[in-house]
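Each chain, letter by letter, is given below.
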Amino acid sequence: KAGVTQTPRYLIKTRGQQVTLSCSPISGHRSVSWYQQTPGQGLQFLFEYFSETQRNKGNFPGRFSGRQFSNSRSEMNVSTLELGDSALYLCASSLGDEARITEAFFGQGTRLTVV
Amino acid sequence: AQSVTQLGSHVSVSEGALVLLRCNYSSSVPPYLFWYVQYPNQGLQLLLKYTSAATLVKGINGFEAEFKKSETSFHLTKPSAHMSDAAEYFCAVSPNMIKAAGNKLTFGGGTRVLVKP
């Protein structure tokens, strides 16, 4: 079965621009989480969507937002890009079963470079 | 708030030697714990997970980890390192409260493993 697909794999943007990243979860998975990975801060949780609703949120400014569609695909948007937003953005999908913790499967990530 | 500490950002082992990666967590209640591996330019792959069943957990690629509540630790081991084990390893924790947890993982800083021939 197909894994988690993130597009695009690489992206270069200019400061002040906005960017949208896409994540297609594994078929049947209803939860999508987003993480930012940088050399300085490591892996940090951005937010999680489950059944089109944001279920958890990390400590990121409002410039970072996301949404989930009825087919569980998710997008995250970063507005007014800053140099510090350069990072690998990882998406993880899971069943999201509220009765138990389920395994999170990660995509290969989108490498965003802000210049 | 939960946190995870991985002791040692870099570990160098000889091929065939024991691999030991240390992870300590901070949580008011026993959490769920995970080990992930990341190869260059790749996402994260789950090695193993602890979800309050057996304290000794076996994972893929010959790795295992032992949950020790008294030490708040979840160290990862592999008896004999292979060249293919060279990667970065992350310990992660998730709250043991399903409806609050969702799928929110808190990661340690990572340990990069170098395997010498």
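The structure reproduced in this document is the subject of the present report.

Basis of the calculations
Residues numbered from 1 in each chain as written. Chains lettered and ligands numbered in written order. Predicted model: local features only at pLDDT ≥ 70, side-chain atom pairs only at ≥ 80, totals over all residues. Heavy atoms only, no water. Pairing = 2+ DSSP bridges. Helix = DSSP H or I, 4+ residues; strand = E, 2+ residues; numbered from the N terminus. Axes fitted to C-alpha atoms, helices over the stretch in contact; angles between N-to-C directions. Phe/Tyr/Trp six-rings, centres within 6.5 Å; stacked < 30°, edge-to-face > 60°. Buried < 20%, exposed > 50% of the residue type's maximum accessible area, 1.4 Å probe, protein only. Lys NZ or Arg CZ within 6 Å of the ring centre and 35° of its normal.

### Details of the sheet that holds strand β8 (residues 74-78) of chain A
Residues and elements named next belong to chain A.
Reasoning step 1: With antiparallel pairing, 4 strands are arranged side by side in an open sheet as β1-β3-β8-β7. Each having just a single partner strand, β1 (5-7) and β7 (64-68) make up the two edges of the open sheet. Looking at each pair of strands side by side, their axes are set apart by 20 degrees on average, direction ignored.
Reasoning step 2: Here β1 runs beside strand β3 (residues 19-24); their pairing, made up of 3 bridges, is antiparallel. Residue pairing across strands places Gln 6 opposite Cys 23, the latter belonging to β3.

### Examining the packing of aromatic side chains
Reasoning step 1: Within the structure shown, the criterion is met by 14 aromatic pairs over all chains.
Reasoning step 2: Where Phe47(A) meets Tyr49(A), the ring centres are 5.7 Å apart and the plane angle is 70 degrees; that geometry is what we call edge-to-face.
Reasoning step 3: Judged by relative accessible area, Phe47(A) falls into the buried class, the value being 2%.
Reasoning step 4: The interplanar angle of 50 degrees and the centroid separation of 5.5 Å between the aromatic rings of Phe63(B) and Tyr89(B) together place this pair among those described as tilted. Residue Phe63(B) is located in the loop between β6 (56-58) and β7 (64-68), and its partner Tyr89(B) is located in strand β9 (residues 87-94); the two are separated by 26 residues in the primary sequence.
Reasoning step 5: For Phe63(B), a relative accessible area of 2% translates into the label buried.
Reasoning step 6: One aromatic cluster is present, formed by Tyr35(A), Phe45(A), Phe106(A), Phe34(B), Tyr36(B), Phe90(B) and Phe107(B) through successive ring pairs.
Reasoning step 7: A cation over an aromatic ring shows up here: Arg55(A) above the ring of Phe50(A), its NZ or CZ 4.2 Å from the ring centre.

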